[in-house]
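Chain and residue survey
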There are 2 protein chains.
Amino acid sequence: MKLSPLQKARYEYTPKLPQMLRNGISEISVSEGKDTKSVADCEKIQALFPNTYGKKEITFQKGQNTSEAKKQIVGVILSGGQAPGGHNVICGLYDALKSTNPENELFGFKNGPSGLIDDDFIVFTDEYIDQYRNTGGFDIIGSGRTKLETNEQFAIVAEVCKKHGITAVVIIGGDDSNTNAAVLAEYFAAHNTGVQVIGCPKTIDGDLKNEDIECSFGFDTATKTYSELIGNIQRDANSAKKYWHFIKVMGRSASHVALECALETQPNICLISEEVAAKKMSLSQIADYIADSVEKRSNNGMNFGVAIIPEGVVEFVPEFSVLIAEINELLAGKKADEFNALPSWADKYTFIEKGLTKESMDVFKILPQTIQQQLFLDRDPHGNVQVSLIESEKLFSALVADKLAERKKNGTFNGKFSALHHFFGYEGRCAFPSNFDADYCYSLGYNAFMLIQYGYNGYLSKISNLSKPATEWVAGGMPITKMMNIERRHGEDKPVIKKALVELDGKPFKFFEANRDTWAVETAYVYPGAIQYYGPSDVCDLTTRTLALEKE
Amino acid sequence: MKLSPLQKARYEYTPKLPQMLRNGISEISVSEGKDTKSVADCEKIQALFPNTYGKKEITFQKGQNTSEAKKQIVGVILSGGQAPGGHNVICGLYDALKSTNPENELFGFKNGPSGLIDDDFIVFTDEYIDQYRNTGGFDIIGSGRTKLETNEQFAIVAEVCKKHGITAVVIIGGDDSNTNAAVLAEYFAAHNTGVQVIGCPKTIDGDLKNEDIECSFGFDTATKTYSELIGNIQRDANSAKKYWHFIKVMGRSASHVALECALETQPNICLISEEVAAKKMSLSQIADYIADSVEKRSNNGMNFGVAIIPEGVVEFVPEFSVLIAEINELLAGKKADEFNALPSWADKYTFIEKGLTKESMDVFKILPQTIQQQLFLDRDPHGNVQVSLIESEKLFSALVADKLAERKKNGTFNGKFSALHHFFGYEGRCAFPSNFDADYCYSLGYNAFMLIQYGYNGYLSKISNLSKPATEWVAGGMPITKMMNIERRHGEDKPVIKKALVELDGKPFKFFEANRDTWAVETAYVYPGAIQYYGPSDVCDLTTRTLALEKE
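Being a predicted model, the structure only gives us computed values, none of them experimental. (Residues numbered from 1 in each chain as written. Chains lettered and ligands numbered in written order. Predicted model: local features only at pLDDT ≥ 70, side-chain atom pairs only at ≥ 80, totals over all residues. Heavy atoms only, no water.)

All right, on to the overall build of chain A then. Each helix and strand in chain A was counted, giving 22 helices and 15 strands. In terms of C-alpha radius of gyration, chain A reaches 25 Å, essentially the compact-globule figure of 24 Å for 552 residues. Projected onto its principal axes, the C-alpha positions of chain A cover 80 × 60 × 50 Å. In chain A, which comprises 552 residues, the share counted as buried stands at 61%. Taking the contacts inside chain A whose residues are at least 6 apart along the sequence as the reference set, 78% of them involve residues at least 24 apart. Of the roughly 20600 Å² that chain A leaves accessible, carbon and sulfur atoms contribute 49%. For chain A, the distance from the average site of its 59 positive side-chain charges to the average site of its 72 negative ones is 2 Å. (Helix = DSSP H or I, 4+ residues; strand = E, 2+ residues; numbered from the N terminus. Rg over C-alpha atoms; globule rule 2.2 N^0.38 Å. Buried < 20%, exposed > 50% of the residue type's maximum accessible area, 1.4 Å probe, protein only. Contact = heavy atoms within 4.5 Å. Areas by Shrake-Rupley, 256 points an atom, 1.4 Å probe, with all protein chains shown as cover. Lys, Arg positive; Asp, Glu negative; His and termini not counted. Charge placed at Lys NZ, Arg CZ, Asp CG, Glu CD.)

Pasting the structure below:
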């Protein structure tokens, strides 16, 4: 197997642990804190988690290790979308487990949660693990999106664990996967299986965070990768001086990624989905907002710019959500056949015009034809519009072009507008983890094993004080139930970890808000460049602006 | 102005010069080599360049500087598309010029060649230059695509030079710009202006190279940036195991970028335009070639992969070029009005069916409808098809999907095929130059001034032995006419620098050819990661695989 020079060099990197975990396994003791309660709906959550609710938060500290000396066989899975650093979680887990007792074993269940059901696994060895240290990707065991949520599945998992003598399962995943981890932990406790469950907070989207979890892993590396590219494009725009670049970045539910990239690169425009929803903005208002920047810059001789668009933004535009709902209704069941049988787009358009309310038709009319057709022609197996396929970067540039054409006619705009489009997502999910993510993930995994060793169940591995150097980080654990509330999902009340959206009164957004009017008109671009793993600490150890502002 | 941590750190970087330029200006002497002749059409080129043809190649060496002590006022322009390192060419030029005589001045003409015509410039100072050291982009003075090629333009340029007392002009550009530099040099010589012209070889496309110029600057950084992203996507593909990624990379005329990225990352598929042309491949053959890889991998349980598509490939497919020519003919002049007046796509399709030859209609039929429509609906101001807008990454994935659907029907393919698409170009043209490009460009600029100082005209700044460490690089100059031949352009015989396409019997392609069958079936991905500016020399000072293989 051929390895890149960087991959070989990264094998030599030693991730930094929090000081309190650096004294050797025998010197790690537990300090128990207060009993916890869930962030909301306490009684309901407690009723659903009678065995695992309300446990104490804990912190590790230097001191005599008092954990029970038993052989541990731990299983680990990677769940959901890739995030840089997943390999290091497993490496940290493995190293702590083997340092505690060389007889301990780590099983890696393959291709996500389904590996636990299918009993498909490998047993890690030094040689195998060493190939994945400080590398990106989830290819060490693969990932998958199967959800572990039914009692039938849990029973199978319990059987698999029993068969191999597994004492604990570590689930590396996002908010949904960790919600499921809590439910599995409760199941294991209720059925006296003796198997523990520990979660680790993963997602490049950055929407798994709260007062305990300062950030999810992968967010740092992914946003640095996107910011590298956005910065490069900004420099190109500022050199060629002839294009507006519309750049969509991943993040369907929350706009943390877009916001962090904006804080790193200072583009002319960055939409924030949460703000669009809060202000109930229309497509036309958003287009006018962007067109204002184009016009002002053009008046200053700058017919170029950069706009960042969060992937999920159209779903946050109220009138657009209504339109989608109406289209889904209009084409439900047999009505789709009638529609599909219409011979030409003109006939179909007439059908649509008849079927939509006037309000929705007004929205539909201003969409570019490619988007109009996509809404009606590309539907998912249930016949619904596939919102995730909408090229919102192209949608907004087309709407802006229409606005500018109108302004030109009215004599208020006299410049040029030529747009290019980009989408960054897959480019950043498997990058070599930044030093921050490499350190954070290794610590999460190492710490997860200490939680196992001390007998905790239904806990999330927690490393905090992350805006400080690693030596000052704090290692501990938090009952997952503490982060849960009840939400309506698919018509049912479900206990779930609350998704963290961008807070419009939070410091990162406030900073952005205070500066964006200047950025919209001036060329205040910052060029972050590629992630550096070596060199000055300022360059290679810094974490996100979001975290720095939140902890200011 | 806010600067990123990396930008601040890069200001501190000292580019490495070839050993022979490290002894101080007073210790640089010239060694003249042999008279030169053009690579072809010698007599014609000589007749066109009577004053600048046949000059000697020269090399700098350590020794007493014997150049004339006169005040130099040098003008510099950036021409054409951005390439990482352009700022360093100017910094090297500036440093050599000021070290030779603090009275010397460097004028930067703004926004490309038009700056020389419009007399729009800045005079560089230490303070201004220092902001751009080791940074990407061409924003130091901007770039542009105006061509300097007519005697009227040259006369204006001569006037501008005379007005400011300019003694030499440095043109940083690609093959066309350097061709124009040679013509300008000849004009200056013929008119006894006393103004010299020196070119510097720029282009991320890598198609300005020959026995003298080992590579153009920017190619190293741009391909490293694309390879970073391709490697990240490969790792994602290998983790999620469910997508085929079709990745288009810049390079319309030549496939050096695609080939270098393939050598760096070992994808399953990489098309090479020059091979497609040489083998006269049809769209269907190319689609079958890719589908074979999809099928074989699927049979081994791998329903994922990565294919690199060079931007210009469709123009190299003979049947597609014929189709484009027929469409341009079909819609020439008033015929376009008739076509545009047709109410529906179905009517238009009938019109097309009647107008194209059977062979071209067969090609047209297999295209996805979006591409069909784009060919007829998006035309340039002259009414021609805009080949550069064709999303060839989507074209090929659609053709492959058709092939696989057919194979499924025939029972030979039983897997899944789900495609995602990417295009990388603007992402790499303005990255912070790699150490290689930072060093190479600084040396090119420094060296360009030494050529000026020694009175050369119509020369290209030449730094060679580039596959070795910078200390072993060789600095010198080469008459641009040496690289020229006569080519037919727009119905006229023109003296031009021969564009370097990928040579199918060259070592880089041979290496690729020897390995690609394995890569097509196995997962032999290499993950280069982000460009590193610090760290082990193996990681941060290596140049391209192309150069390494060519110099093997």
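Having seen it, we continue.
So, on to the pattern of salt bridges. What the rule picks out here adds up to 71 salt bridges over all chains. Linking E550 of chain B and K209 of chain B is a salt bridge whose minimum nitrogen-to-oxygen distance equals 2.7 Å. Taken together, the positions of E550 of chain B in helix α21 (residues 545-550) and K209 of chain B in the loop between β7 (196-201) and α8 (219-240) put the pair 341 residues apart, joining distant regions of the chain. Given a relative accessible area of 30%, E550 of chain B falls into the partly exposed group. Three or more residues are tied together by salt bridges with common partners; here these are E275, K279, K510, E513 and R516 of chain A. (Salt bridge = Lys/Arg side-chain N within 4 Å of Asp/Glu carboxyl O.)

Where two aromatic rings form a pair, the distance of their centres and the angle of their planes describe that pair. Residues and elements named next belong to chain A. Applying the stated rule across the entire model yields 48 aromatic pairs over all chains. Summarising the aromatic geometry, the rings of Y456 and Y459 are spaced 4.9 Å apart at their centres and angled 50° between planes, so their arrangement reads as tilted. Both residues of the pair, Y456 and Y459, belong to the buried class. Pairwise contacts between aromatic rings join F339, W345, Y349, F351, F364 and F376 into one cluster. (Phe/Tyr/Trp six-rings, centres within 6.5 Å; stacked < 30°, edge-to-face > 60°.)

Let us look at the side chain of E260 of chain A. Counting through the fold element by element, E260 of chain A comes out in helix α9 (residues 256-265). The buried charged residue E260 of chain A lacks any salt bridge, with K224 of chain A as its nearest oppositely charged partner at 6.2 Å.

So, about the sheet that holds strand β6 (residues 168-173) of chain A. All names here are of chain A. On the basis of which strands lie adjacent, the open sheet formed by nine strands has the order β1-β2-β13-β12-β7-β6-β3-β4-β5 and mixed pairing. Every other strand in the sheet has two partners, leaving β1 (28-35) and β5 (121-123) as the edge strands with one partner each. When the angles between neighbouring strand axes are averaged without regard to direction, this sheet yields 25°. Pairing of β1 with strand β2 (residues 56-62) involves six bridges; the strand directions are antiparallel. Following the sheet pairing, D35 is matched in β2 by K56. (Pairing = 2+ DSSP bridges. Axes fitted to C-alpha atoms, helices over the stretch in contact; angles between N-to-C directions.)

Okay, the packing of helix α15 (residues 345-355) of chain A against helix α16 (residues 358-366) of chain A next. Residue and element names in this part refer to chain A. For the pair α15 and α16, interaxial distance at closest approach is 10 Å and the crossing angle is 150°. One element, α15, and the other, α16, form an angle in the roughly antiparallel class. Residues W345, Y349, I352 and E353 of α15 lie in contact with α16, whose contacting residues are M361, F364 and K365. (Parallel < 35°, antiparallel > 145°, perpendicular 65-115°, else oblique.)

This paragraph deals with the sheet that holds strand β9 (residues 269-270) of chain A. Sheet strands pair via backbone hydrogen bonds, and the direction of the pair is either parallel or antiparallel. Residue and element names in this part refer to chain A. Taken together, the four strands give an open sheet; going across it, the order is β9-β10-β8-β11, and neighbouring strands pair in parallel fashion. At either margin of the open sheet sits one strand with a lone partner, and together these are β9 and β11 (419-424). In the packing of helix α8 (residues 219-240) onto the sheet, contacts are made with β8 (244-249), β10 (305-310) and β11, and the angle to β10 comes to roughly 150°.

As a further point, take the pairing of β8 of chain A. Residue and element names in this part refer to chain A. The buried fraction of β8 amounts to six of the six residues, a majority that puts the element mostly inside the structure. Of the two faces of β8, both are covered, the one formed by W244, F246 and K248 as well as the one formed by H245, I247 and V249. Inspection of the sheet shows β8 paired to β10 by six bridges, in the parallel sense. Considered in β10, the bridge of F246 is made with A307.

A few words on the interface of chain B and chain A. Taken together, the contacts link 62 residues of chain B with 62 residues of chain A. Summed over both sides, the interface between chain B and chain A buries roughly 4500 Å², with carbon and sulfur atoms accounting for 53% of that surface. When the buried surface of chain B facing chain A is broken down by residue, K2, R235 and Y426 of chain B rank first, second and third, together holding 16% of it. Inspection of the chain B/chain A interface yields six salt bridges. A salt bridge links D236 of chain A to R429 of chain B; the shortest N-O distance between them is 2.8 Å. Linking chain B with chain A are 22 residue pairs in polar contact (both at pLDDT 80 or more), by the criterion used here. Counting only elements with at least two residues in the side of chain B that touches chain A, the list comes to α1 (5-11), α8, β11 (419-424) and α20 (537-540) of chain B. The element that contributes the greatest number of residues to the side of chain B that touches chain A is α8 of chain B, accounting for ten residues. (Buried area = accessible area lost by both parts, 1.4 Å probe. Polar contact = N/O pair within 3.5 Å; in protein donor to acceptor, adjacent residues only side chain to side chain.)

A few words now on the relation of the copies chain B and chain A. Each copy of the sequence occupies a distinct position, and chain B is placed on chain A by a rotation of 180° and an axial shift of 0.0 Å, giving an RMSD of 0.0 Å. In short, the pair behaves as if placed about a two-fold rotation axis. A share of 100% of interface residues in chain B that are also interface residues in chain A marks the association as one of identical surfaces. (Least-squares fit on C-alpha atoms with pLDDT ≥ 70 in both.)

Residue and element names in this part refer to chain A. Where α8 meets α9, the axes come as close as 9 Å, and the angle between the chain directions of the two elements is 50°. Overall, the two elements α8 and α9 adopt an arrangement that is oblique. The element α8 and its partner α9 pack so that their crossing is right-handed. Between α8 and α9, the residues in contact are F219, T223, Y226, S227, I230, G231 and Q234 and H256, V257, E260, C261, E264 and T265, respectively. (Left-handed = near helix turned anticlockwise from the far one by under 90°.)

By the secondary structure assignment, S239 of chain A is in helix α8. Separated by 65 residues in the primary sequence, S239 of chain A and F304 of chain A have C-alpha atoms spaced 9.7 Å apart. Apart from residues lying up to four places away in sequence, S239 of chain A is in contact with Q82, G137, F138, D139, G142, S143 and C430 of chain B. Polar side-chain contacts of S239 of chain A include one of 2.8 Å to the backbone nitrogen of F138 of chain B.

Fine structural detail should not be taken from predicted coordinates in areas where pLDDT scores are low. Taken as a whole, chain A shows an average pLDDT of 95; of its residues, 100% reach a score of 70 or greater. The ipTM, which scores confidence in the relative placement of chains, is 0.97 for this predicted complex, and the corresponding pTM is 0.97. (pLDDT = per-residue confidence, 0-100.)

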